[in-house]
Amino acid sequence: MSPSLEPPPPRPAHAVALATGLPGAVTAGTTRWDWALLPLVLGVLTLAAWGAAQMARPYHLGEALPLALDPLGLPYYLLRTTLRMALAMLASLLFACVFAVLAAKSRSAERVLVPLLDILQSIPILGFLSITVTGFIALFPGSLLGVECAAIFAIFTSQAWNLAFSLYQSLRTVPAELDEAARVFRLSGWQRFWRLELPLAMPSLLWNMMMSMSGGWFFVVASEAITVSGQEIKLPGVGSYIALAIQARDLGAIGWAIAAMTVGILLYDQLLFRPLVAWADRFRFEEGGGEAGAHSWLLAWLRRARGVQSVVRTGLRVFERSLAASHRRDDVRAARRPAREPWAGRQRVLDFVMLAVVLLALWRLYVFVHAEVGWPELVHVLKLGTYTLLRVLALIALAALVWVPVGVWIGLNPRWAGRLQALAQWLAAFPANLLFPLAVVVIVKGRLDPDLWLSPLMVLGTQWYILFNVIAGASGIPAELRFAAGNLGLSGWLKWRRYLLPAVFPSFVTGAITASGGSWNASIVAEYVTWGDTTLVAQGLGGYIAQMTAKGDFPRIALGIGVMCVFVVALNHLLWHRLYRLAETRMHL
């Protein structure tokens, strides 16, 4: 008997309510949840459009931008800052995807891109600003958009490297059985990325997105206060508000800035990160992975809103067609492509080019030092770099001892991960500049040594890279591995050595390498502390760069940044990248 082609009879309202789980769902196209979400969506779009219009208003260099310590202006400043950070985050995600895929898929590209990322990570935000701000202003003459782009790019440099290293590490450590399954099913490169690699990396990527957003808050003061042609431009934003409060020694204004920053972090947590973390539970590499994980009221609303679900399903259908088309194109290309042997000399040519670039850079460095600063100055800066290197290594080791156990505990307890998520973001985002008053008062009153007691400020904003990455690594441990460790009765140091440390080691290395690079950047802020007319300086490379920046001595600024690049690249090559290889081979589960 053939099935009836007649449409089914209309279902009563109570049947719709039972099917959807909603008491009183309205018409077939929309529900009350669609109408509840409408004001939220319209409000976000309206504020974003109005803020974008303010960012692109007419502006000429030399014009004073209105900025005051009145707390009533903080909502507007918060809007401008959050828009800059959102745009920087989008650019960082795009950069991370392109970098990670190229570096993980091509050995030749990896040999170029990974050292290049090491160099970019080592350049401080002040260096990026001094190089790019003039170009952005020339790109958008007569508009504030040029200065805004420079600030967004500076925030991008505090977010992108962490995401790139995280996704690169995830792509390099795909489980062997999943890699074999992808080959058996003949997934195209496009399909493999969206169906295997990105879902597998999603939990770690989301936690690193939170850390990158918090890192943007940490450097927001340097990003929004820009100097061009000897003129300081303070863009309307929370970072400029903090800089003005520090300059005026206004503790009340600093308190209001902390409150505004807290509101911004909570908004990002509730409207973006918490829904994403709850949604990403489906990508855990285990059965029933997210049943005790994070929950989000916004995600629950979205799942109940029929209009939203209809739009999402339409978009997914288009996306699925692109995946299928990619698979067909790859099959046709594979059939038409003639078999050929790889060019064995390509790697030698690439090595020769890289060697030539290194030799040219060394020659230019020799000419620069000899003509501009002199060799005694270079020796002095190298000595200062050694002081900062010792501080970085000691602080990273202490942070690892504290936060690796804490991160493992949080990652293995999903309920606590959801509860502590916003607190961790707030602590990671707390700018070290806001602790300058306390640091200056304590050091001056107690007659303490700045070389020692300013050091903790370096790791305040960067230690969280370790915590967030370890949480991501621990939360991704397969359930069967947890059960096996419990059945074997592992405990104490044996449990850590055989089970927990190998499980989180790849994520720890990712956090440590970004925390190390962040600490070198933070040294510029932490080794040169000002509060009103009081200045404390610690001997180190960061303090040297900050001092030369205050004086406007560009040759010595370039020398300090160049030496910092050398130290960071050498440390990454000699320590962190070797740990990466260890994580991919012996420590990978």
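Every value quoted in this text rests on a predicted model; they were computed, and no experiment measured them.

Student: Please give an account of the overall build of the protein that cites residues and values.
Tutor: Looking only at helices and strands, the protein features 25 helices and 4 strands. Considering only contacts within the protein whose residues lie at least 6 apart along the sequence, 79% involve residues at least 24 apart. By element, 68% of the accessible surface of the protein is carried by carbon and sulfur atoms, the whole surface being about 29,200 Å².

Student: Which residues make up the packing of helix H3 (residues 74-105) against helix H7 (residues 160-172), and what values do they have?
Tutor: A packed helix pair is summarised by two numbers, namely the angle formed by the two axes and the spacing between the axes. Look at H3 against H7: their axes get within 8 Å of each other, and the N-to-C directions meet at 35°. Crossing handedness for the pair H3 and H7: right-handed. Residue-level inspection shows Met89, Ser92, Leu93, Phe95, Ala96, Cys97, Phe99, Ala100, Val101, Ala103 and Ala104 of H3 in contact with H7, the latter providing Ala160, Trp161, Leu163, Ala164, Leu167, Tyr168, Leu171 and Arg172. Across the contact of H3 with H7, the residue classes tally to 17 nonpolar, 1 polar and 1 charged.

Student: Help me get a handle on the pattern of salt bridges, residues and values and all.
Tutor: The full count for this structure, using the stated rule, is 14 salt bridges. Measuring nitrogen to oxygen at the nearest pair gives 3.6 Å for the salt bridge that ties Glu63 to Arg57. The class of Glu63 is partly exposed, set by a relative accessible area of 32%. Residue Arg556 is joined to Glu377 by a salt bridge in which the shortest nitrogen-to-oxygen separation is 3.4 Å. Highlighted residues: Arg556 in helix H25 (residues 554-585) and Glu377 in helix H16 (residues 375-411), separated in sequence by 179 residues. In this structure, a network of salt bridges that share partners links the residues Lys105, Asp179, Arg183, Arg192 and Glu197.

Student: Residue-level account of the side chain of Ser507, with values.
Tutor: Checked against the element boundaries, Ser507 lands in helix H23 (residues 492-526). On the accessibility criterion, Ser507 (8% relative accessible area) is buried. For Ser507, the contacting residues outside a window of four places in its chain are Gln169, Asn469 and Gly473.

Student: Could you give an account of the nonpolar core, naming the residues involved and the relevant values?
Tutor: Core analysis: the largest hydrophobic core is formed by 131 residues, its most contacted members being Trp217, Ile466, Phe468, Phe508, Trp520 and Leu559. Other than its neighbours up to four places away in sequence, Leu559 contacts Phe368, Val369, Val373, Glu377, Leu378, Val381 and Tyr544. In terms of nonpolar packing, the next biggest core, distinct from the first, is built from 16 residues, Tyr59, Phe218, Phe219 and Ile226 among them.

Student: Describe unusual backbone geometry, with residues and values.
Tutor: A positive phi angle, near 55°, is found at Arg186, a position not held by glycine. For Arg186, the location among the structural elements is in the loop between helix H8 (176-184) and helix H9 (189-218). Backbone geometry places Arg249, a non-glycine residue, at a positive phi of 55°. Following the sequence through the fold, Arg249 ends up in the loop between helix H11 (238-248) and helix H12 (251-279). When its relative accessible area of 41% is taken as the criterion, Arg249 is described as partly exposed.

Student: Please set out the side chain of Ser455 residue by residue, giving values where relevant.
Tutor: As for its position among the elements, Ser455 is in the loop between helix H19 (450-453) and helix H20 (456-459). The buried category is assigned to Ser455, whose relative accessible area is 10%. Ignoring sequence-local partners within four residues, the contact set of Ser455 consists of Arg391, Leu395 and Pro450.

Student: Requested: an account of the packing of aromatic side chains, with residues and values cited.
Tutor: What the rule picks out here adds up to 18 aromatic pairs. Measuring from centroid to centroid gives 5.6 Å for Phe95 and Trp161, while their planes differ by 75°, and the two rings are edge-to-face. Of this pair, Phe95 sits in helix H3 while Trp161 sits in helix H7, and the two are 66 residues apart along the sequence. The exposure class assigned to Phe95 is partly exposed, which follows from its relative accessible area of 24%. Judged by relative accessible area, Trp161 falls into the buried class, the value being 7%. Ring plane angle 70° and centroid distance 5.7 Å describe the contact between Trp190 and Trp194, whose orientation is recorded as edge-to-face. Taken together, the residues Trp190 and Trp194, both in helix H9 and 4 residues apart, mark about one turn of the helix. On the basis of relative accessible area, Trp190 is assigned to the partly exposed category, the value being 41%.

Student: Which residues make up the packing of H9 against H12, and what are the values?
Tutor: The geometry of H9 relative to H12 is characterised by a closest axis approach of 11 Å and an angle of 170° between their N-to-C directions. Here H12 runs roughly antiparallel to H9, going by the angle between their axes. Listed contacts from H12 to Met202, Leu206, Met209, Met210, Met213 and Trp217 of H9 are Met261, Gly264, Ile265, Tyr268, Phe273, Leu276, Val277 and Trp279. Within the contact of H9 with H12, the residues separate by chemical class into 13 nonpolar, 1 polar and no charged.

Student: Before we move on, could you go through a nonpolar patch on the surface and cite the residues and values that matter?
Tutor: Judged by side-chain polarity, Val44, Val263, Leu267, Leu271 and Trp297 come together as a nonpolar surface patch covering roughly 420 Å² of accessible area. Here the nonpolar patch takes 3 residues from H12, the largest share from any one element. With respect to the element layout, Leu267 can be found in helix H12.

Student: Any chance you could break down the pairing of strand E3 (residues 528-531) for me, citing the residues and the numbers?
Tutor: Looking along a regular strand, one sees side chains alternate from face to face of the sheet. Burial of E3 is one-sided: the residues Val529 and Trp531 facing one way are buried, the residues Tyr528 and Thr530 facing the other way are not. Pairing geometry for E3 and strand E4 (residues 534-537), over 4 bridges, is antiparallel. When the bridges of E4 are listed, Tyr528 appears paired with Val537.

Scoring rules and cut-offs
- Residues numbered from 1 in each chain as written.
- Predicted model: local features only at pLDDT ≥ 70, side-chain atom pairs only at ≥ 80, totals over all residues.
- Heavy atoms only, no water.
- Helix = DSSP H or I, 4+ residues; strand = E, 2+ residues; numbered from the N terminus.
- Contact = heavy atoms within 4.5 Å.
- Areas by Shrake-Rupley, 256 points an atom, 1.4 Å probe, with all protein chains shown as cover.
- Axes fitted to C-alpha atoms, helices over the stretch in contact; angles between N-to-C directions.
- Left-handed = near helix turned anticlockwise from the far one by under 90°.
- Nonpolar A, V, L, I, M, F, W, Y, C, P; charged D, E, K, R; others polar.
- Salt bridge = Lys/Arg side-chain N within 4 Å of Asp/Glu carboxyl O.
- Buried < 20%, exposed > 50% of the residue type's maximum accessible area, 1.4 Å probe, protein only.
- Core = buried A, V, L, I, M, F, W, Y, C linked by side-chain atoms within 4.5 Å.
- Phe/Tyr/Trp six-rings, centres within 6.5 Å; stacked < 30°, edge-to-face > 60°.
- Parallel < 35°, antiparallel > 145°, perpendicular 65-115°, else oblique.
- Patch = residues over 30% accessible without salt bridge, like charges linked within 9 Å, V, L, I, M, F, W, Y side chains within 5 Å.
- Pairing = 2+ DSSP bridges.

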